[in-house]
Amino acid sequence: MKTIIKTLICIITALSCISCRRTYAPNERRGTNYTYDFMDFIDITVYGQDGSGIMEISPVDIELHDFETEDEYIRVKKDLSLINARLMQGQTSDTKIKVSRSTGLSNGDVVRISVGLKKSELNSDMNIEPYEYVIDGLHDLEPIDLFAEDFVSFYATEDGSLYAHIKDPKRYPEELTDNLRYRISVTDGVEPGRSVLSITVGMNEQYLKDSGYGTMDVFMIKHGFAAETTNDRVLEKMVYPIDFSASSSIAVERALYKALYDYEGDALVKICNLQQTPRQRISEPYCYMVVFSVDEDGTQRYFRRQIKMVYVDGEYVVIESGERESISEEYVYKPFTESNMIMNFTMETWEEPEPAGEVSG
């Protein structure tokens, strides 16, 4: 009987101890007796899928009017420069911010954010004690197919070059479709209906760098997408040089504007004409010269570019463009030497100037 009583007492005591325990709350031991806190000067972004989430940190912009005195603003500004709170995936920076983990995150994870400085190195009364950040808001990514037949087609030209044509550019955000780059290879020759294409899709590296994404993976996760980047497809079609006698000049002109705007921007004034030399027609039948005008500092100037253009999936597409060359205005209305005018998009005709000293009449 005594043994049973002792056992019960032990059980009751153990249960009492358990009930007395209090769950630890993140940051409950973190100091608060400071004028400022480094956490108030950073933005934390968590994105991606639960279980594979990503964290990024960037600094908050501050201004003089955010502080009571100019001296306090200067002190804090100096400290924030020392901390350099920028932690971005795919990018490097001389930051003093350190995190226990920034990838492979799940909702509920606690990430420890610290500053690699000593209190004595600071100019202001700023709390730089480690902070425990609880991950939240991660959700499933939307699977998208960048190889779907109704989204993109793959074709060849007669010289064996392989290309991709995005048929439905509005299906996904413009910044994605405008910057997709397909790399295509084949090992068994180029023959529609037979050749197997090995395809990898990526994104314009300069765009990723300039936009702060760094990599395509980061871009996709930030936009809530998940996609395979490699695939095999059978070559669908061969495209042949354009028969302009059966072509719509309006559709051709629209395609030229779309292509040249990517290079010239708002400075582009007018697509003037499309020409082709006999050499191009024989050895480079997909290549042409497009003449256009731009406005540079209020002055209209004239240029030409060599382009490569095809007609695919019911659309005229410029697939390559060379450097622009300055030309005389006369070639807005007439062809270059030994060149043929394919399409003229101006209503005027060129008249040869009369020799100096002669009078018309």
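The structure this text deals with has already been given above.
To keep things clear, this report deals only with the structure shown in the data block. Note that the structure is predicted; figures quoted are calculated from it, not measured.

Under the defined criterion, the tally for this structure stands at 19 salt bridges. With a closest N to O distance of 3.5 Å, Lys 308 and Asp 159 form a salt bridge. Taken together, the residues Lys 308 in strand 19 (residues 299–312) and Asp 159 in the loop between strand 10 (152–157) and strand 11 (162–166) connect sequence positions 149 residues apart. When its relative accessible area of 8% is taken as the criterion, Lys 308 is described as buried. We note a salt bridge from Glu 264 to Arg 324, for which the minimum N-O separation is 2.8 Å. Residue Glu 264 is located in helix 6 (residues 249–264), and its partner Arg 324 is located in the loop between strand 20 (315–321) and strand 21 (325–326); the two are separated by 60 residues in the primary sequence. A residue is classified by how much of its surface remains accessible, and Glu 264, at 12% relative accessible area, is buried. Its relative accessible area of 30% is what places Arg 324 among the partly exposed residues. Through salt bridges with shared partners, a single ionic network connects Glu 264, Glu 296, Arg 301, Arg 305 and Arg 324.

With that settled, the discussion passes to helix 2 (residues 70–83). Counted at 1.5 Å a residue, the expected span for helix 2 with its 14 residues is 20 Å, and the 20 Å between its end C-alpha atoms agrees. The set of residues buried in helix 2 consists of Tyr 73, Val 76, Asp 79, Leu 80 and Ile 83. End-on, the buried residues of helix 2 take up no more than an arc of 130°, which puts them together on one face. In helix 2, the exposed positions that point more than 90 degrees away from the buried face belong to Glu 70 and Ser 81. Along its buried surface, helix 2 packs onto strand 1 (36–37), strand 4 (97–99), strand 6 (110–115) and strand 7 (126–127). Positioned one or two residues after helix 2, Asn 84 has a phi angle of 50°, which is positive.

Cut-off values and rules
Residues numbered from 1 in each chain as written. Predicted model: local features only at pLDDT ≥ 70, side-chain atom pairs only at ≥ 80, totals over all residues. Heavy atoms only, no water. Salt bridge = Lys/Arg side-chain N within 4 Å of Asp/Glu carboxyl O. Helix = DSSP H or I, 4+ residues; strand = E, 2+ residues; numbered from the N terminus. Buried < 20%, exposed > 50% of the residue type's maximum accessible area, 1.4 Å probe, protein only. Expected span 1.5 Å × (residues − 1). Arc of directions from axis to C-beta. Contact = heavy atoms within 4.5 Å.

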